Amino acid sequence: MTSADRWLLPDGIEEVLPPQARRIEQLRRRLLDQLDNSGYDLVIPPALEYLDSLLTGVGKDLDLRTFKVTDQLSGRLMGLSADTTPQVARIDAHSLAPEGISRLSYCRTVFHAKASSLLASRTPTQIGAELYGEAGVGADVEIISLMLTLLESAGVQQVHLDLGHVGVFRALAAKAGISAEQQRELFDLLKLKCATDLEAWAAREIQDAALAEAFALLIRLQGDRQKLDAAISRMAELVPETSAELAHIQQVAEQLALRFPQTSLYFDLTELRGYNYHTGLVFAAYIPGYGDAIAQGGRYDETGAVFGRARPATGFSADLKVLARFGTYQTEAKQTVVAPNDNDPALWQLIAQLREQGKRVVVPLNDDAIRADLYLKKLDGQWQLVEA
Ligand SMILES: N[C@@H](Cc1c[nH]c[nH+]1)C(=O)O
């Protein structure tokens, strides 16, 4: 290793320097306050756990994304948390196990053995909220509203919200009785969003004409929600098992449109989210100039079951560092007070007081080139603040 190599950081792992680190920290405080003010209690799940507990019921994607290490104490395999949501589901189901509804929030670093995209960090600072115990439209509207409010608070503009529903895909798959292998193929085709390939797949793999049409129609169910009424009615007609899901997504969209008239709302029934734990309504917020979702989430009603308590669940997450990069929120400006290097206790008391009040007070050392906005000076026997 040359001395230059010693400074090399692994791909997708970055250090955050001033002033960006301060910006991120200020945003973290602001958003956590918002979550607290909205009734969400902060939890801090462990960064490292036994792999079995970490990956129970979460599917392959998260397994591939998890860094694994051996615990020298027990010899067991442990994993670094790659997503806080399943851990919070366990906290709700097992550690807290409350009656009725619970609202929980979090903000901490997660670790990705494999980045979620070319753009993404492998150590995102995941901030989010999860709501348990309510299956109705109201819970989805609350969580998405909270997500949009947080984006607004971070100064993220021109947000475009995509709404999807994993239940529609699941209803079609169940009715057609397709194999896990076929589901995977279909998942990949839907991700590519190529209509002709999907139609060819449906014609080849699905015997029933109505179901084949329904599969092919999935890809047309993306775009401006007002223009999709006809396609949605057709889907419900072809496969009546999807009508409750389609009505759910429409009701959520109607309420959000009233609350957030400035946010563009789209439907995208091909959006099935990366992690396999989602079971119902899913959503993602996008902005111009960033190819990934800036915040995303959805319903995952079955995750708690593996911890002994199935609960309706919905939530969202975002990477705080990405929000800080794209948000135009203002950070609080601070004046720097320069104090002399003097051991007078009255001076030290005043310095402590000023710092307590939130002022930045620096006592320069020999070669310091600190730029002062104010000085602490002794005038008429009293320490006083004077303009630089
Ligand atoms: N944790 C999920 C989003 C989510 C939160 N709650 C439910 N889904 C993600 O990072 O994609």
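Remember, predicted model here, so these are calculated numbers, not experimental data. (Residues numbered from 1 in each chain as written. Predicted model: local features only at pLDDT ≥ 70, side-chain atom pairs only at ≥ 80, totals over all residues. Heavy atoms only, no water.)

**What to know about the packing of helix α9 (residues 209-218) against helix α10 (residues 229-238)**
(1) Moving on: The geometry of α9 relative to α10 is characterised by a closest axis approach of 9 Å and an angle of 150° between their N-to-C directions. With respect to their mutual orientation, α9 and α10 come out roughly antiparallel. You can see that α9 and α10 cross each other, and the crossing is left-handed. Taken together, the residues of α10 that come into contact with α9 (itself represented by A210, E213, A214, L217 and L218) are A231, R234, M235 and L238. (Axes fitted to C-alpha atoms, helices over the stretch in contact; angles between N-to-C directions. Helix = DSSP H or I, 4+ residues; strand = E, 2+ residues; numbered from the N terminus. Parallel < 35°, antiparallel > 145°, perpendicular 65-115°, else oblique. Left-handed = near helix turned anticlockwise from the far one by under 90°. Contact = heavy atoms within 4.5 Å.)

**Re the sheet that holds strand β14 (residues 360-362)**
(1) Moving on: What the four strands build is an open sheet, ordered β14-β13-β15-β16; its pairing is mixed. With partners counted over all chains shown, the strands left at the sheet margins are β14 and β16 (382-387), one partner each. Neighbour-to-neighbour, the strand axes of this sheet turn through a mean angle of 35°, independent of strand direction.
(2) Moving on: Bridge count for strand β13 (residues 336-338) against β14 is three bridges, and the pairing is parallel. Each bridged residue has a counterpart across the sheet, and for T336 the counterpart in β14 is R360. (Pairing = 2+ DSSP bridges.)

**Quick word on the site of the ligand**
(1) Moving on: By nearness alone, 14 residues border the ligand, and D83, T85, E130, H278 and S317 come closest of all.
(2) Moving on: The side chain of Q126 places a nitrogen or oxygen atom 3.3 Å from an oxygen atom of the ligand.
(3) Moving on: Across the complex, the protein chains shield 95% of the 300 Å² of accessible surface that the ligand would expose by itself.
(4) Moving on: Classifying every residue of the shell around the ligand by side-chain character gives four nonpolar, eight polar and two charged. (Near = heavy atom within 4 Å. Polar contact = N/O pair within 3.5 Å; in protein donor to acceptor, adjacent residues only side chain to side chain. Areas by Shrake-Rupley, 256 points an atom, 1.4 Å probe, with all protein chains shown as cover. Nonpolar A, V, L, I, M, F, W, Y, C, P; charged D, E, K, R; others polar.)

**So, the sheet that holds strand β3 (residues 68-70)**
(1) Moving on: On the basis of which strands lie adjacent, the open sheet formed by three strands has the order β2-β4-β3 and antiparallel pairing. At either margin of the open sheet sits one strand with a lone partner, and together these are β2 (48-50) and β3. With strand direction ignored, the average angle separating the axes of adjacent strands in the sheet is 35°.
(2) Moving on: As defined by bridge partners, β2 adjoins strand β4 (residues 77-80) across three bridges and the pair is classed as antiparallel. Pairing of Y50 across the sheet is with M78, part of β4.

**Some details on the UniProt feature "binding site: L-histidine" (unreviewed entry) in the protein chain**
(1) Moving on: Here the UniProt-annotated "binding site: L-histidine" (unreviewed entry) positions come out as D83, T84, T85, Q126, E130 and R273.
(2) Moving on: Following the sequence through the fold, T84 ends up in helix α4 (residues 84-96).
(3) Moving on: In this structure T84 touches P45, Y106, R108, V110 and Q126, once residues within four positions along its chain are discounted.
(4) Moving on: Along the chain, the position of T85 falls in helix α4. (UniProt positions renumbered as here; feature names shortened; annotations may be inferred.)

**Some words on the pattern of salt bridges**
It is possible for side chains of opposite charge to pair when their charged atoms get near one another.
(1) Moving on: Counted according to the given criterion, the structure contains 21 salt bridges.
(2) Moving on: Here D92 ties to R311 by a salt bridge, and the two come within 2.9 Å at their closest N and O atoms. One end of the pair, D92, is in helix α4; the other, R311, is in the loop between β11 (295-299) and β12 (313-319), with 219 residues separating them in the sequence.
(3) Moving on: Given the relative accessible area of 9%, R311 is considered buried.
(4) Moving on: For K227, the salt bridge goes to D224, with nearest N and O atoms at 3.8 Å.
(5) Moving on: Residue K227 is classed as exposed on the basis of its relative accessible area, which comes to 68%. (Salt bridge = Lys/Arg side-chain N within 4 Å of Asp/Glu carboxyl O. Buried < 20%, exposed > 50% of the residue type's maximum accessible area, 1.4 Å probe, protein only.)

**Looking at the side chain of E130**
(1) Moving on: You can see E130 is positioned in strand β6 (residues 125-132).
(2) Moving on: Here E130 sits buried without a salt bridge, and the closest side chain of opposite charge, R108, lies 9.6 Å off (N-O distance).
(3) Moving on: In this structure the side chain of E130 is engaged in a polar contact, spanning 3.0 Å, whose partner is the side chain of T85.
(4) Moving on: Apart from residues no more than four positions distant in its own chain, E130 is found in contact with Y40, T85, V88, S102, R103, L104, Y106, Y300, T314, G315, F316 and S317. (Lys, Arg positive; Asp, Glu negative; His and termini not counted.)

**Re α10**
(1) Moving on: All of the buried residues along α10 are A231, I232, M235 and L238. The buried residues of α10 occupy an angular sector of 130° when the element is viewed end-on, so they sit on one face. Exposed and oriented more than 90 degrees from the buried face of α10 are A230 and E237.
(2) Moving on: Residues of α10 that are buried in the fold lie against α6 (166-176), α9, α11 (243-259) and β9 (264-268). (Arc of directions from axis to C-beta.)

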